[in-house]
Amino acid sequence: MARDLCPSVKNILLLDSEGKRVAVKYYSDDWPTNSSKLAFEKSVFTKTLKSNARVEAEISMFENNIVIYKFVQDLHFFVTGGEEENELILATVLQGFFDAVALLLRSNVDKREALENLDLILLCLDEIVDGGIILETDASIIAGKVATHSMDADAPLSEQTITQAWATAREHLTRTLLS
Amino acid sequence: MAQPLVKKDDDRDDEAEYSPFLGIEKGAVLQEARVFNDPQLDPRRCSQVITKLLYLLNQGETFTKVEATEVFFAVTKLFQSRDIGLRRMVYLMIKELSPSADEVIIVTSSLMKDMNSKTDMYRANAIRVLCRITDGTLLTQIERYLKQAIVDKNPVVASAALVSGIHLLQTNPEIVKRWSNEVQEAVQSRAALVQFHALGLLHQIRQNDRLAVSKLVTSLTRGTVRSPLAQCLLIRYTSQVIRESATSTQTGDRPFYDFLEGCLRHKAEMVIFEAARAITELNGVTSRELTPAITVLQLFLSSSKPVLRFAAVRTLNKVAMTHPMAVTNCNIDMESLISDQNRSIATLAITTLLKTGNESSVERLMKQITNFMSDIADEFKIVVVEAIRSLCLKFPLKYRSLMNFLSNILREEGGFEYKKAIVDSIVILIRDIPDAKESGLLHLCEFIEDCEFTYLSTQILHFLGIEGPKTSDPSKYIRYIYNRVHLENATVRASAVSTLAKFGAMVDSLKPRIFVLLRRCLFDSDDEVRDRATLYLNTLGGDGSVVETDKDVKDFLFGSLDLPLVNFETSLKNYEPSEEPFDINSVPKEIKSQPLAEKKAPGKKPTGLGAPPTAPASTVDAYEKLLSAIPEFADFGKLFKSSAPVELTEAETEYSVNVVKHIFDGHVVFQYNCTNTIPEQLLEQVTVVVDASEAEEFSQVVTKPLRALPYDTPGQIFVAFEKPEGVPAVGKFSNMLRFTVKEVDTTTGEAEEDGVEDEYQLEDLEVVAADYMLRVGVSNFRNAWENMGADCERVDEYGLGPRESLTEAVNAVINLLGMQPCEGTEVVPSNSRSHTSLLSGVYIGNVRVLVRIAFGIDGPKEVAMKLAVRSEDEAVSDAIHEIVASG
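One structure accompanies this document, and this report is about it. Bear in mind the structure is a predicted one, so any value in this text is a computation, not a measurement.

Calculation notes
- Residues numbered from 1 in each chain as written.
- Chains lettered and ligands numbered in written order.
- Predicted model: local features only at pLDDT ≥ 70, side-chain atom pairs only at ≥ 80, totals over all residues.
- Heavy atoms only, no water.
- Core = buried A, V, L, I, M, F, W, Y, C linked by side-chain atoms within 4.5 Å.
- Buried < 20%, exposed > 50% of the residue type's maximum accessible area, 1.4 Å probe, protein only.
- Helix = DSSP H or I, 4+ residues; strand = E, 2+ residues; numbered from the N terminus.
- Contact = heavy atoms within 4.5 Å.
- Pairing = 2+ DSSP bridges.
- Axes fitted to C-alpha atoms, helices over the stretch in contact; angles between N-to-C directions.
- Parallel < 35°, antiparallel > 145°, perpendicular 65-115°, else oblique.
- Left-handed = near helix turned anticlockwise from the far one by under 90°.
- Polar contact = N/O pair within 3.5 Å; in protein donor to acceptor, adjacent residues only side chain to side chain.

1. Brief notes about the nonpolar core
Within the largest apolar cluster, 249 residues are counted, with the highest numbers of intra-cluster contacts made by Ile12 of chain A together with Phe36 and Ile369 of chain B. For this core, the leading source of residues is helix α2 (residues 87-104) of chain A, giving eleven residues. In this view, Phe36 of chain B contacts Leu41, Cys46, Val49, Ile50, Leu53, Ala74, Val75, Lys77 and Leu78 of chain B; residues no more than four positions away in its chain are not counted. One finds Phe640, Phe670, Phe721 and Ile814 of chain B within the second-largest nonpolar core, a separate group that totals 64 residues.

Right, dumping it as structure tokens:
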């Protein structure tokens with residue numbers, strides 16, 4: 001019961017301009033099967049299709065859930081929460097996801113780019129919400145966590161390229177200097 | 001092997017449907033996953049394969065148990081690589097695969113190593129993965145590290161541990177509860193989100209300890225909470241504490257209200273909104289408390305962000321249901337939202353306006369709604385229809401334009417639910433506003449001429465059969481009904497035949513024509529239609545002689561089946577075909593489990609077609625039916641009023657008893673609803689011994705005890721008193737439940753032979769003056785007041801002493817009189833120093849009473865009032881003053 005007091009996200013969806021999945025993540029049991037998930041996505045997609053959610057995030061209710069959405073190019077972003085959820089908290093999650101994706105795809109935000117960097121999108125989702133609980137909403141922090149693609153500092157040099165080695169060395173140096 | 005992830009920039013433009021995953025196939029990807037076993041790992045290549053696997057899972061593809069195990073074991077090999085990017089994909093993959101317990105052991109050591117890594121990213125993610133896949137036994141091993149992680153300097157690590165704690169609390173509460181010291185420390189963290197997660201976990205650890213939660217809230221509301229999310233949490237916890245402590249503080253200010261109000265000035269919008277919403281949802285919120293919250297919500301209404309406008313208008317819409325006056329200030333902003341691009345916002349704005357608007361604005365609003373109905377979805381249309389229905393009941397004089405609106409939208413396209421909502425609304429209006437009956441019935445007739453929903457057609461035909469014959473010109477409906485017999489499916493045709501018969505029974509002049517029509521139905525292709533026609537022709541005497549329909553036939557046609565359908569069904573099932581015909585009187589009339597909850601529902605709920613009008617549509621009807629079935633009460637006359645149930649026992653005691661007071665002209669009947677909550681007991685010869693020594697004018701005449709009261713099957717005991725005819729006698733009654741108790745073996749359900757006599761003290765019961773007053777509203781108070789004239793007017797002034805607020809005083813007087821407030825005058829605008837309430841009711845003896853009370857409050861909260869009563873009888877006017885004077 002008290003769990004309900006904690007703001008929670010039921011799902012985050014990233015669909016393309018035909019309503020097909022690019023990446024989706026469900027955190028609640030409201031949609032137990034893949035077909036119920038697809039049905040929800042279809043209904044949300046078709047009912048929001050005509051709205052103009054390109055400048056500001058838009059909002060609507062479906063099946064007693066609040067859905068907040070924003071579109072860019074051929075990508076449709078959705079965040080769903082329960083009926084009683086604070087709309088503005090959900091909007092912050094959506095904005096965090098939206099902006100983080102923009103940062104990661106270097107402002108070239110479209111379906112093709114998103115699919116080509118699907119690993120980044122999936123990591124991004126992983127950094128925003130954990131099991132329904134909001135982890136982080138600041139887009140630059142989310143993108144920062146996802147983009148640390150450098151080598152493990154303890155890795156043996158044999159696995160590293162020259163540039164990576166350089167970067168590691170520089171990092172090492174800075175750390176020693178700072179500490 | 002091809003590398004689909006490599007960009008193919010050259011063919012980008014001519015291939016619109018390009019996707020790096022085009023033609024991806026599970027089998028092939030699983031083959032590719034073999035690269036995980038290579039001695040020389042290619043991190044980039046491995047990442048790509050994992051991405052493909054994740055893509056497949058994300059698209060809804062599933063792996064068989066064998067496939068999943070294979071992938072899992074292959075993925076665990078990748079812990080050898082030290083590439084951060086690859087490791088993160090490995091973490092994701094393990095979480096998606098949700099390995100079984102014996103598989104978890106394989107990765108445990110790798111993950112535990114990562115939990116102690118110097119790299120923050122490893123620590124944070126390893127914690128999340130491990131906690132996701134672990135079970136209780138493993139948890140004790142890693143508990144030490146988790147406690148450390150909670151107070152880790154790195155906020156990402158701390159958050160990971162705290163959030164994992166929140167999840168683990170569901171499965172392993174006893175372990176997580178041991179971390180409360182560390183969590184407490186994390187609440188003080190400088191990192192915004194750590195504080196949020198720590199607060200969430202700490203509250204959940206302590207949620208069952210009210211005192212601890214209260215302390216937590218007290219200390220935090222004084223301190224500084226950094227993150228807006230944490231602040232929202234704190235607001236939620238605060239309102240919970242307020243809710244739970246509300247009973248103890250009757251006077252003075254609400255605890256923590258200042259904190260909530262302070263949050264309205266927070267810089268984050270989500271906090272402002274959370275606080276505003278919390279204030280509007282406070283129990284018994286006063287107008288003064290509401291005002292600041294309404295003000296910030298009003299600002300949100302004109303925001304450029306749709307989400308903000310939506311949140312604000314949705315909250316105000318809810319407020320408007322209970323405090324319409326408080327929201328009227330926002331009406332101008334609300335009206336501009338009617339044309340909002342976002343139709344959800346527009347609908348909420350319209351329905352809010354319909355709730356707060358006054359009579360003069362109805363027509364203008366209707367015009368605006370008409371323009372916008374065509375481009376909203378059905379579910380919003382239903383919301384609008386419901387708002388219009390309640391508006392029409394509020395302003396009955398406006399029924400014409402509202403009814404027109406409903407009939408117009410009834411003609412337009414729409415799904416079943418929408419059409420049903422409209423039809424239900426029209427039916428309710430017809431029932432509650434007599435003037436609207438004829439036009440409403442005609443609208444329904446037109447609708448069934450072209451109605452694609454069988455359910456709605458039959459319901460309307462049924463309703464026509466009840467209401468149509470009572471109109472001034474019943475013959476005009478016949479054509480519509482008989483058309484159904486020609487044009488519709490068998491279900492509707494049968495229903496039309498029944499309706500025709502009802503007209504025939506009620507309107508003698510129509511009888512010959514009805515007979516002609518019914519005879520034609522004898523040739524119908526459907527046997528149900530033919531059967532009905534034959535039956536009705538016989539019962540109505542269709543052999544040509546036009547005789548007055550006798551009472552039995554009318555009962556047959558119009559009377560409801562006053563048997564519980566469940567019992568009826570069982571009896572029919574038990575009936576074995578024999579010489580002896582089925583006797584309907586053998587069906588038991590006692591309802592097995594009485595739906596108490598339904599009876600407790602306040603007031604008359606508008607019931608649409610869902611409940612046929614002959615069924616107990618309201619509690620009064622239900623009671624009337626119940627009482628009339630008891631022969632001893634048959635000569636008491638018409639039931640004047642039944643009170644709401646009054647509890648005579650504390651909640652959760654051995655026997656739960658509540659009582660309903662039924663007032664008749666010369667009698668009062670107490671209906672004791674008893675429930676036995678002990679499975680091991682059977683009560684027999686249950687009766688209530690009533691001591692009426694403090695109710696001199698009453699004398700006990702009848703007691704109807706209960707033969708048996710088994711476990712969890714409610715039963716009723718009735719005790720009737722005689723009192724002087726038409727006199728509003730009052731008094732106090734003390735009650736004692738007396739019974740024989742028998743032990744029941746719960747395994748066999750059999751009761752022992754011998755019982756013991758016992759008694760159980762119930763609380764006292766009072767009959768008060770308000771019991772003799774019916775809450776009956778008038779549509780136009782001023783007209784009614786003036787028509788009543790000043791002949792029997794009685795005016796006097798009263799001091800009410802110090803009161804908490806004007807609202808409280810107004811409510812107290814309204815409850816004391818038991819009258820219906822008119823024109824929304826039970827709501828006191830915020831900060832008012834004076835207020836006038838208009839009340840209406842019907843006093844015993846069917847005397848209409850109108851009351852106008854002017855309240856005033858002065859500095860030290862002393863409330864005074866001037867009470868003017870008008871009725872058709874001086875004595876009654878005096879009696880009302882008597883009630884107030886003695887109350």
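2. Observations concerning the sheet that holds strand β3 (residues 58-62) of chain A
All names here are of chain A. Pairing within the open sheet is antiparallel, and its five strands lie in the order β2-β1-β5-β4-β3. Single-partner strands in this sheet number two, and they are β2 (21-26) and β3. Neighbouring strand axes in the sheet, compared pairwise and without regard to direction, differ in orientation by 20° on average. With five bridges joining them, strand β1 (residues 11-16) and β2 adopt antiparallel strand pairing. Its bridge partner lying in β2, Leu15 is registered against Arg21. The strands touched by α2 are β1, β3, β4 (65-72) and β5 (75-82); relative to β4, the strand with the most contacts, the crossing angle is about 30°.

3. Some details on the pairing of strand β16 (residues 834-843) of chain B
Residues and elements named next belong to chain B. Of all ten residues in β16, eight are buried; the element is thus mostly enclosed. The pairing of strand β13 (residues 773-774) with β16 spans two bridges and is antiparallel. Bridge pairing links Leu774 to Val842 in β16. Bridge count for strand β15 (residues 820-821) against β16 is two bridges, and the pairing is antiparallel. What sits directly across from Gln820, in β16, is Ser840. Pairing geometry for β16 and strand β17 (residues 847-857), over ten bridges, is antiparallel. Looking across to β17, one finds that Val842 is bridged to Arg848. The antiparallel hairpin formed by β16 and β17 contains three residues in its connecting segment, where Gly845 sits at a positive phi of about 95°.

4. Topic: the packing of helix α20 (residues 343-356) of chain B against helix α21 (residues 362-373) of chain B
Residues and elements named next belong to chain B. Between α20 and α21, the shortest axis-to-axis distance is 11 Å and the interhelical angle comes to 155°. The angle between α20 and α21 places the two elements in the roughly antiparallel class. Along this stretch, α20 crosses α21, giving a crossing that reads as left-handed. Across the interface between the two elements, Arg343, Ala346, Thr347, Ile350, Leu353 and Leu354 from α20 touch Leu365, Ile369 and Phe372 from α21.

5. With respect to the side chain of Glu488 of chain B
Residue and element names in this part refer to chain B. When you line up the elements, Glu488 lands in the loop between α27 (475-487) and α28 (490-506). Residue class for Glu488 comes out buried when judged on its relative accessible area of 17%. Here Arg484 takes part through its side chain, which lies 2.6 Å from a polar atom of the side chain of Glu488. Residues contacting Glu488, with those up to four places away along its chain left out, are Ile448, Cys451 and Arg493.

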